[in-house]
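Each chain, letter by letter, is given below.
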Amino acid sequence: MPRISWKTFLLWLSGLGVGIAVVYGAGYWVGVLTARDLSLVGQERLSLYQGTLRSALEKHRYLPFVLSRDEGIKNLLSEDDGKEGVATLVNRSLRATNQKAESDVLYVLNSDGTTLAASNWLEERSFVGHNYAFRPYYKDAIEGRESGFFAVGATTGVPGYFMSHAVLDKAGIKGVIVAKVDMRPLQKQWHNGGEHVFVTDNNGVIFLSSRDEWRYRTILQIDNVAMARIRSNRQFGGADLMPLNLQLHTLFSRNVFEIDGQRYLSLKRDSVKPGWVMHFLIPLKLVEEKQQTAWIIGSVLLMLFFLGGLFLRERRQKLRSAQRARQAGRFQKINKKLQLEIDERKRTETQLLKTQEDLVQTGKLAALGQMSTAIAHEINQPMAAIRTFVASARLLLAKGKKDSVKESLVEISSLTDRMSNITGELNSFAQKAPVEYDVVNLREALKNAINLMETVWKPGEIELHFQDLGTPVFVKGDLLRLEQIFVNLFRNAADAMGGQREKKIFVCLRQIDQCAIVVVEDSGSGIDPKNLDQIFDPFFTTKEVGEGVGLGLSISYGIIKDFGGNIRVENVKKSGARFVIEFAAVFKLDI
Ligand code: ADP
């Protein structure tokens, strides 16, 4: 599992938070829309229920008015005697009308409120003889007002709507005709619809309800005066008129009734009679179900989105690590290739070193061969000459020419000197350099060498200019060897100017800071540029056999290096060669 950085974690967390908020908001919005839609439907249902209620009441509204004009009823109310016979006629007539009109009961009250005739005169719970003066519909009608009143039947206990009308004759109001409409079929119809609808009166008493348990309960607290009035007109019989377990809320900006723990969207409308309010309740469950569905779908989508995000992230990381692995593989390959190349190079180097060693060995052998040839040549020549001089000396001795023998001996002596010179040079070549040197005066070595050469050269043969500092220049070295170096340089310069008329050698000694410099320059032929690189090699010579062995400069080079110095050569612009020798100058104080 790859590690997640804090930044990524917080990003994901805030993304999740936003996602949850969006899902919650969407669910809430679904709730608002559903509540709105259901309210619209509810309003339509309310209109429908209003219509059923209105038609139930209006259907029989004409009855009291029509019957109040019935002559039989008028007679009944005006007859003082013989009432019995008229009452029977009216009873029959009312019964027939009641059946035809499909009302519940039709009855006639006299001016005291006592029932004189009724459509149910033959039934057990006949109204005949009962006094209903306490009922508002009587009171209203006797005072000339058309009245409608909902009440539970005082005699039958059957709830109904009572409509009344005064019966008039010339003398005034004689009585009241009442039509009772049974509201139970309407309630049954509502009940069967399975919806929650009820009607409250001006006291907040539910008198019509699709739910039986809510009937004769109140949605408002009834004050004592109102309660006393209800009790006096026995509107709801013996019902307790207990308040409903109701709480009011507001949800989705709409009124919500909570009745016995169940929540309903509440819609209401003033109903057909003054003070009546029809309520239509829609279970909030319907809204909540849709809301929950929206939340579930939203959560699933969010989860899918989240998982999708995780999946993509995982995939991206896998791709990245695969890429890294590929890169690592590539690097490994390159490393391996490099390692192989390094190994190859090492092998080549070893091979090269070996070849170098072989070459050095070969070079040494070649040098040895060259040297042997040169030495053999150098030594053989004087040896042959000595042999000739010895043979001629023998002959001269035999002939008694002693003077001539003497000359031969002198020649032999000079030849042996030359031979010893050659071996001497070889000896110095072979000598090991001491580890520590004395401090010597370079100027002295130079002057000694110049003095020596001036005794060798014929007077005026070579012009030697020495730019003398006049002060000593101290270096670490060996005086004799330094002299040897300078003598060799002077000799070579003289050799290089062999065939020339004017022979000049310039010698210069300088000390610049800690550097002692000697320059020897001649006006000779100079050095062939192609030979410049090998001039210090042992046995390199351009001289004729017998004139040089090519060891002078090579030995000088070795000695100078031993002294910690350096020698280089260059051609002078016009003609001739210039040798520059540098040493580390030593101050007297350092000694
Ligand atoms: P050798 O004098 O026996 O030849 P060196 O080592 O002294 O041996 O000199 C090597 C060669 O360097 C000489 O043969 C010559 O060709 C060249 N050389 C040295 N000094 C000079 C010079 N001043 N001018 C021209 N050539 C020089």
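Quick note: structure is the one above.
What this report covers is the structure whose coordinates are included nearby. Being a predicted model, the structure only gives us computed values, none of them experimental.

**So, the site of the ligand**
For step 1, the next point in the chain: Close contacts around the ligand come from 20 residues, with Asn492, Thr541, Thr542, Lys543 and Leu553 the closest.
For step 2, the next point in the chain: One nitrogen or oxygen atom from the side chain of Asn492 is found 2.8 Å from an oxygen atom belonging to the ligand.
For step 3, the next point in the chain: Taking Gly550, its main chain carries an N or O atom lying 3.0 Å from an oxygen atom of the ligand.
For step 4, the next point in the chain: Counting residues per element, the ones that place at least two in the shell around the ligand are α11 (479-496), α12 (552-562) and β18 (577-584).
For step 5, the next point in the chain: No other element matches the four residues that α11 contributes to the shell around the ligand.

**Thoughts on the packing of aromatic side chains**
For step 1, the next point in the chain: Applying the stated criterion across every chain yields a total of 22 aromatic pairs.
For step 2, the next point in the chain: Between Phe150 and Phe207, the ring centres sit 4.7 Å apart and the planes meet at 45°, which makes this aromatic pair tilted. Here Phe150, found in strand β3 (residues 147-152), pairs with Phe207, found in strand β7 (residues 206-209); they are 57 residues apart in sequence, far enough to count as distant.
For step 3, the next point in the chain: For Phe150, a relative accessible area of 3% translates into the label buried.
For step 4, the next point in the chain: Of the residues examined, Phe207 reaches a relative accessible area of 1% and is grouped as buried.
For step 5, the next point in the chain: Through a chain of ring-to-ring contacts, three or more aromatic side chains come together here, namely Tyr107, Phe127, Tyr132, Phe134, Tyr137, Phe149 and Phe162.
For step 6, the next point in the chain: Over the ring of Trp214 we find Arg211; its NZ or CZ atom is 4.3 Å from the centre of that ring.

**Focus on the side chain of Ser271**
For step 1, the next point in the chain: Relative to the helices and strands, Ser271 is located in the loop between β10 (262-270) and β11 (277-283).
For step 2, the next point in the chain: Ser271 has contacts with Gln50, Leu53, Val199, Trp276, Val277 and Met278, leaving out every residue within four places of it along the chain.

**So, the pairing of strand β5 (residues 172-182)**
For step 1, the next point in the chain: Across the 11 residues of β5, eight count as buried, placing the element largely inside the fold.
For step 2, the next point in the chain: Pairing geometry for strand β1 (residues 105-110) and β5, over six bridges, is antiparallel. Across the sheet, residue Asn110 finds its bridge partner in β5, namely Gly175.
For step 3, the next point in the chain: Inspection of the sheet shows strand β4 (residues 159-169) paired to β5 by 10 bridges, in the antiparallel sense.

**Examining the pattern of salt bridges**
For step 1, the next point in the chain: Summed over all chains, the structure comprises 23 salt bridges.
For step 2, the next point in the chain: For Arg45, the salt bridge goes to Glu195, with nearest N and O atoms at 2.8 Å. Of this pair, Arg45 sits in helix α1 (residues 6-58) while Glu195 sits in the loop between α6 (184-193) and β6 (196-200), placing them 150 residues apart in sequence.
For step 3, the next point in the chain: A salt bridge links Arg568 to Glu570, with the shortest nitrogen-to-oxygen separation between them at 3.9 Å.
For step 4, the next point in the chain: Exposure remark for Arg568: the relative accessible area of 37% places this residue in the partly exposed category.
For step 5, the next point in the chain: Sharing partners across several salt bridges, the network here consists of Glu521, Arg568, Glu570, Arg578 and Glu582.

**Re the nonpolar core**
Nonpolar side chains tend toward joint burial in soluble globular proteins.
For step 1, the next point in the chain: In terms of nonpolar packing, the biggest core is built from 46 residues, with Leu442, Leu482, Phe486, Phe490 and Ile505 touching the most fellow members.
For step 2, the next point in the chain: Elements that contribute at least two residues to this core include exactly α10 (442-456), α11, β15 (504-512), β16 (515-522), α12, β17 (566-571) and β18.
For step 3, the next point in the chain: Here this core takes eight residues from α11, the largest share from any one element.
For step 4, the next point in the chain: With sequence-adjacent residues up to four places away left out, Leu482 is seen in contact with Val440, Leu442, Ala445, Val475, Phe563 and Phe583.

**As for the packing of α11 against α12**
For step 1, the next point in the chain: In contact at an axis separation of 10 Å, α11 and α12 are set at 145° when each is read in the N-to-C sense. The crossing of α11 and α12 is left-handed. Touching Arg481, Gln484, Ile485, Asn488, Leu489 and Asn492 of α11 are Gly552, Leu553, Ser556, Ile559 and Ile560, all from α12.
For step 2, the next point in the chain: Counted by class, the contact of α11 with α12 contains five nonpolar, five polar and one charged residues.

**What about unusual backbone geometry?**
For step 1, the next point in the chain: A positive phi angle, close to 60°, is found at Ser253, a residue other than glycine.
For step 2, the next point in the chain: Position of Ser253 relative to the elements: it lies in the loop between β8 (246-251) and β9 (254-259).
For step 3, the next point in the chain: Here the phi dihedral of Phe539 falls at roughly 70°; this positive angle occurs in a residue that is not glycine.
For step 4, the next point in the chain: Within the secondary structure, Phe539 sits in the loop between β16 and α12.

**Some words on the pairing of strand β2 (residues 115-118)**
For step 1, the next point in the chain: Across three bridges, β1 lies against β2 in antiparallel orientation. What sits directly across from Leu109, in β2, is Thr115.
For step 2, the next point in the chain: Hairpin connection, β1 to β2: the antiparallel pair is bridged by four residues, and Gly113 has positive phi, about 95°.

**Some remarks on the sheet that holds strand β13 (residues 463-467)**
For step 1, the next point in the chain: With respect to topology, five strands assemble into an open sheet ordered β13-β15-β16-β18-β17, the strand pairing being mixed. The sheet is open, and its two edges are formed by β13 and β17, each paired on a single side. Between one strand axis and the next, the sheet turns through 15° on average, direction left out of account.
For step 2, the next point in the chain: For β13 and β15, the ladder comprises five bridges, and the chain directions are parallel. Its bridge partner lying in β15, Glu463 is registered against Lys504.
For step 3, the next point in the chain: With respect to the sheet, α11 is in contact with β15, β16 and β18, its orientation differing from that of β18 by roughly 170°.

**Let's talk about α10**
Count 3.6 residues to each turn of an α-helix, and residues three or four apart come out pointing the same way.
For step 1, the next point in the chain: Between its terminal C-alpha atoms α10 stretches 21 Å, which fits the 21 Å expected from 15 residues at 1.5 Å a residue.
For step 2, the next point in the chain: Among all positions of α10, only Leu442, Arg443, Ala445, Leu446, Ala449, Ile450 and Met453 are buried. Buried residues of α10, seen end-on, are gathered within an arc of 165° and therefore sit on one face of the element.
For step 3, the next point in the chain: The N-cap residue of α10 is Asn441: its side-chain oxygen and the backbone nitrogen of Arg443 are 3.1 Å apart.

**Some remarks on the sheet that holds β4**
For step 1, the next point in the chain: Taken in spatial order, the five strands of this open sheet run β2-β1-β5-β4-β3, and their pairing is antiparallel. The sheet terminates laterally at β2 and β3, the two strands that pair on one side only. Adjacent strand axes in the sheet meet at a mean angle of 25°, parallel and antiparallel pairs treated alike.
For step 2, the next point in the chain: Here helix α3 (residues 71-78) sits on the sheet in contact with β1, β2, β4 and β5, set at roughly 75° to β4.

Rules of the game
Residues numbered from 1 in each chain as written. Predicted model: local features only at pLDDT ≥ 70, side-chain atom pairs only at ≥ 80, totals over all residues. Heavy atoms only, no water. Near = heavy atom within 4 Å. Polar contact = N/O pair within 3.5 Å; in protein donor to acceptor, adjacent residues only side chain to side chain. Helix = DSSP H or I, 4+ residues; strand = E, 2+ residues; numbered from the N terminus. Phe/Tyr/Trp six-rings, centres within 6.5 Å; stacked < 30°, edge-to-face > 60°. Buried < 20%, exposed > 50% of the residue type's maximum accessible area, 1.4 Å probe, protein only. Lys NZ or Arg CZ within 6 Å of the ring centre and 35° of its normal. Contact = heavy atoms within 4.5 Å. Pairing = 2+ DSSP bridges. Salt bridge = Lys/Arg side-chain N within 4 Å of Asp/Glu carboxyl O. Core = buried A, V, L, I, M, F, W, Y, C linked by side-chain atoms within 4.5 Å. Axes fitted to C-alpha atoms, helices over the stretch in contact; angles between N-to-C directions. Left-handed = near helix turned anticlockwise from the far one by under 90°. Nonpolar A, V, L, I, M, F, W, Y, C, P; charged D, E, K, R; others polar. Expected span 1.5 Å × (residues − 1). Arc of directions from axis to C-beta.

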